[in-house]
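Below are the chains, spelled out letter by letter.
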Amino acid sequence: MHSAVMQNKKYLEFAKQNTVEVLALQRLAEGVQKKDPRAVAYKAKGANGEERLLMLNRPNLTLEEIEDLSRSKAGSFNKTGKIPYTSIVDPWTETEIKGYNGGSAKGIQEDVAAALVGMRKEHGKGVARKDLAKVDEAIAKSQTAATAGDFAKAIEALTKVEAQMKGVAEVLTTKLTEARAAVVSAAESALAAIENSSDNAKAKKDLLSMLDRLRGTGLEAKAKEILQKL
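Quantities reported herein were computed from a predicted structural model and do not represent experimental measurements.

Undergrad: Honestly, the domain arrangement of the chain in this entry has me stumped. Any pointers?
TA: A common way to express how large an interface is: the accessible area buried when the components associate. Domain assignment breaks the chain into domain 1 (2-123) and domain 2 (129-229). For domain 1 versus domain 2, the distance between C-alpha centres works out to 38 Å.

Undergrad: Please explain the pairing of strand β4 (residues 95-101) as it appears in this structure.
TA: On a regular strand, each side chain points to the face opposite its neighbour's, so the side chains alternate between the two faces of the sheet. Across six bridges, the pairing between strand β3 (residues 85-90) and β4 is antiparallel. Bridge pairing in β4 places Val 89 opposite Glu 96.

Undergrad: What is the right way to look at the nonpolar core in this model?
TA: If you look at soluble globular proteins, the nonpolar side chains tend to sit buried side by side. Core analysis: the largest hydrophobic core is formed by 28 residues, its most contacted members being Val 135, Leu 176, Val 183, Leu 191, Leu 207 and Leu 214. Within the residue set of this core, elements represented by two or more residues are α6 (129-147), α7 (151-165), α8 (170-195), α9 (200-210) and α10 (220-229). The leading source of residues in this core is α8, at eight residues.

Undergrad: Whenever I open this one, helix α5 (residues 105-123) confuses me. Can you help?
TA: Within an α-helix, residues lying three or four positions from one another point in the same direction, as the helix has 3.6 residues per turn. For α5, with 19 residues, the first-to-last C-alpha span of 26 Å sits near the 27 Å given by 1.5 Å per residue. If you check which residues of α5 are buried, you get Ala 105, Ile 108, Val 112, Ala 115, Leu 116 and Met 119. Phi turns positive one or two residues past the end of α5, at Gly 124, with a value near 95°.

Undergrad: When you look at the layout of surface pockets in this model, what are you seeing that I'm missing?
TA: Looking at the second largest pocket, its volume works out to about 470 Å³. What lines the second largest pocket is a set of 14 residues, among which Met 6, Glu 21, Arg 58, Pro 59 and Leu 61 lie closest to the centre. At the level of elements, α1 (2-6) and α2 (9-18) are the ones that each hand at least two residues to the lining of the second largest pocket. By residue number, the principal contributor to the lining of the second largest pocket is α2, which donates three residues. Along the lines of polarity and charge, the residues of the lining of the second largest pocket split into seven nonpolar, four polar and three charged.

Undergrad: Please clarify how the packing of α9 against α10 should be interpreted in this entry.
TA: When two helices pack together, their arrangement is given by the angle between the helix axes and by the axis-to-axis distance. Remark: α9 packs on α10, axes separated minimally by 10 Å, with the N-to-C direction vectors making an angle of 155°. One element, α9, and the other, α10, form an angle in the roughly antiparallel class. Both α9 and α10 take part in a crossing whose hand is left-handed. Taken together, the residues of α10 that come into contact with α9 (itself represented by Lys 204, Leu 207 and Leu 208) are Ala 223, Ile 226 and Leu 227.

Undergrad: Just checking my understanding: could you explain the environment of Asp 68 for this structure?
TA: For Asp 68, the location among the structural elements is in helix α4 (residues 63-70). A sequence separation of 43 residues divides Asp 68 from Leu 25, and the C-alpha atoms of the two residues are 9.7 Å apart. In terms of polar contacts, Asp 68 uses its side chain to reach the side chain of Arg 71, at 2.6 Å.

The rules behind these values
In this numbering scheme, every chain counts its residues from 1 along its sequence in written order. In view of the model being predicted, local features appear only for residues whose pLDDT reaches at least 70, and side-chain atom pairs are presented and counted only at 80 or more, with totals across whole chains, interfaces and linings using the full set of residues. No hydrogens and no water enter the side-chain calculation; it runs on all heavy atoms of the structure. Residue ranges assigned to the domains are those given by an automatic or database domain assignment. Note on pairing: DSSP must find at least two bridges between two strands before they are called paired. The numbering of helices and of strands both runs from the N terminus, where a helix is a DSSP run of H or I of at least 4 residues and a strand a run of E of at least 2. Throughout this description, the term nonpolar core refers to a set of buried Ala, Val, Leu, Ile, Met, Phe, Trp, Tyr and Cys residues connected via side-chain atoms within 4.5 Å. Three labels apply to residues, based on accessible area from a 1.4 Å probe with only protein chains included: buried if under 20% of the type maximum, exposed if over 50%, partly exposed otherwise in between. One less than the number of residues in a helix, times 1.5 Å, gives the span that helix is expected to have. Definitions used throughout: a 1 Å grid over protein atoms alone; a cavity as a set of points that fits a 1.4 Å probe which cannot get out; a pocket as an open set with protein on both sides within 12 Å along at least five of seven lines; a lining residue as one with an atom within 4 Å of a point. Grid points are joined across faces, edges and corners, and a volume is the space filled by probe spheres set on the points. Residues are grouped as follows: Ala, Val, Leu, Ile, Met, Phe, Trp, Tyr, Cys and Pro are nonpolar; Asp, Glu, Lys and Arg are charged; every other residue, Gly included, is polar. To obtain each axis, a line is fitted to C-alpha atoms, and for helices this fit is confined to the stretch in contact; angles are then taken between N-to-C directions over 0 to 180 degrees. Convention used here: angles under 35 degrees read as roughly parallel, angles over 145 as roughly antiparallel, angles from 65 to 115 as roughly perpendicular, and any remaining angle as oblique. By the definition used in this description, the sense in which the near helix is turned from the far one sets the handedness, with an anticlockwise turn below a right angle giving left-handed and a clockwise turn giving right-handed. Contact criterion: two residues are considered in contact whenever any of their non-hydrogen atoms come within 4.5 Å of each other. What qualifies as a polar contact is a pair of N or O atoms within 3.5 Å, subject to a donor-acceptor requirement within protein and to the restriction that residues adjacent in sequence count only when both atoms come from side chains.

Here it is as structure tokens:
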């Protein structure tokens, strides 16, 4: 099942736009310990430097994440007692639309495509993955820049995408609006720290270096007012 579907290039291209894959694997930890070739794991560092055990055949998923999925509702759909089992689930109601032991990549695609017709008729077209990825990437860049104190760069990263997302989907514009508010909040905190500093000379120096990095936050005038008081 894994090689026929989850390693099928045509299916993976289809899945990128149309499905969310959820695994419910049993005894995976045992497979890792026994060095089963289907459960090869390797150690890697995460974004925060923590050590993680990633699964070779399930890219970017850790052993713990897959085990959590198996304990979720995903593991409740197979009532046949046989494996492998494939289930197409309505994400709105979490009910099974169709289930079968095994399944082919082509057959799953056809069944998903048929199910999507009804879902889109009832709930609308939804958000394209490419648009969501673009927004998430912009927000990640914005957060990195804001953490480094470059609030102008953080706002710029969001502004570039905001224009492209107008009229696309409210959920995307909401994510961008919230990200912009977070940048402004961080900039306000940085300004407050300078304003409340007891070392006027250092505060003035820090504020002068920050002025250019406040563009687009709406805090430029406030920064200049603080500068005049120092």
